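Secondary and tertiary structure notes
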Amino acid sequence: MGYSKGLPVPIKVVVIDGKPVEVETARAYRAMRDAAASAGARLVVVSGFRTMAEQEYLYQCYKTGDCNSGNLAAKPGHSNHQSGRALDLNARDPAVGPWLRAYAGEFKFKNTVVGEPWHWEYRQ
């Protein structure tokens, strides 16, 4: 079960790079990953779909700063990772970040969180 704007939504998830990713997002990501590889940039999914339990944990970490380096996390039910459309990618790789900024839009991915160059969302 995924979540969008606090409401449960059924989604289908597949595994890409060892991470769960919503099926349509996965199709678009595969095409983007293949194009990046042809240009010498190796994209990797670092984080994909999150369950409610995972988002609750990360949100608690954010609130307390006691885990996960206190990284920013959306309220459970409201994270775009829970919709299956958000991916954290290895954008800090010197070949990957510039490639994403130049070409991800062609695959309907957009960097949507200021200050998080690794957070990319698929926009159908």
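Everything quoted here is computed from the prediction, not taken from an experiment. (Residues numbered from 1 in each chain as written. Predicted model: local features only at pLDDT ≥ 70, side-chain atom pairs only at ≥ 80, totals over all residues. Heavy atoms only, no water.)

1. A few points about the overall build of the chain
Across its full length, the chain holds four helices and eight strands. Secondary structure of the chain in N-to-C order comes out as β-β-β-β-α-β-α-α-β-α-β-β. Rg of the C-alpha trace for the chain: 14 Å, near the compact-globule value of 14 Å for 124 residues, within the 12% margin. Summarising its shape, the C-alpha atoms of the chain cover approximately 40 × 30 × 25 Å along the three principal directions. Within the span of the chain, comprising 124 residues, buried residues form 39% of the whole. Sequence-distant contacts, at least 24 apart, represent 59% of the contacts inside the chain between residues at least 6 apart. (Helix = DSSP H or I, 4+ residues; strand = E, 2+ residues; numbered from the N terminus. Rg over C-alpha atoms; globule rule 2.2 N^0.38 Å. Buried < 20%, exposed > 50% of the residue type's maximum accessible area, 1.4 Å probe, protein only. Contact = heavy atoms within 4.5 Å.)

2. Regarding helix H4 (residues 96-103)
All buried positions along H4 are accounted for by Val96, Gly97, Trp99 and Leu100. Along the axis of H4, the buried residues cluster in a sector spanning 165°; they form a single face. (Arc of directions from axis to C-beta.)

3. Comments concerning the environment of Pro8
Tracing the chain through its elements places Pro8 in strand S2 (residues 7-9). Residues Pro8 and Tyr103 lie 95 residues apart in sequence; the distance between their C-alpha atoms is 32 Å. Leaving out residues up to four positions away in the same chain, Pro8 has contacts with Met1, Gly2 and Tyr3.

4. Here we look at the pattern of salt bridges
Using the criterion set out here, one finds five salt bridges in the structure. With its nearest N and O atoms 2.3 Å apart, the salt bridge here joins Glu24 to Arg27. Residue Glu24 and its partner Arg27 are both found in helix H1 (residues 23-38); the two are separated by three residues, about one turn of the helix. Take Glu24: its relative accessible area is 28%, and that puts it in the partly exposed class. Among the residues examined, Arg27 registers a relative accessible area of 48% and is labelled partly exposed. Between Glu121 and Arg123 there is a salt bridge, with its nearest N and O atoms 3.2 Å apart. Using a relative accessible area of 5% as the deciding quantity, one classes Glu121 as buried. (Salt bridge = Lys/Arg side-chain N within 4 Å of Asp/Glu carboxyl O.)

5. Some thoughts on the pairing of strand S8 (residues 119-122)
Neither face of S8 is left uncovered, since the one carrying His119 and Glu121 and the one carrying Trp120 and Tyr122 both have all their residues buried. Strand direction decides the pairing type here: strand S6 (residues 86-89) and S8, joined by three bridges, are antiparallel. The residue of S8 that forms the bridge with Ala86 is Glu121. Across three bridges, the pairing between strand S7 (residues 109-111) and S8 is antiparallel. Counted as the bridge partner of Lys110 is Glu121 from S8. (Pairing = 2+ DSSP bridges.)

In short, shape yes, function no, at least from these values alone.
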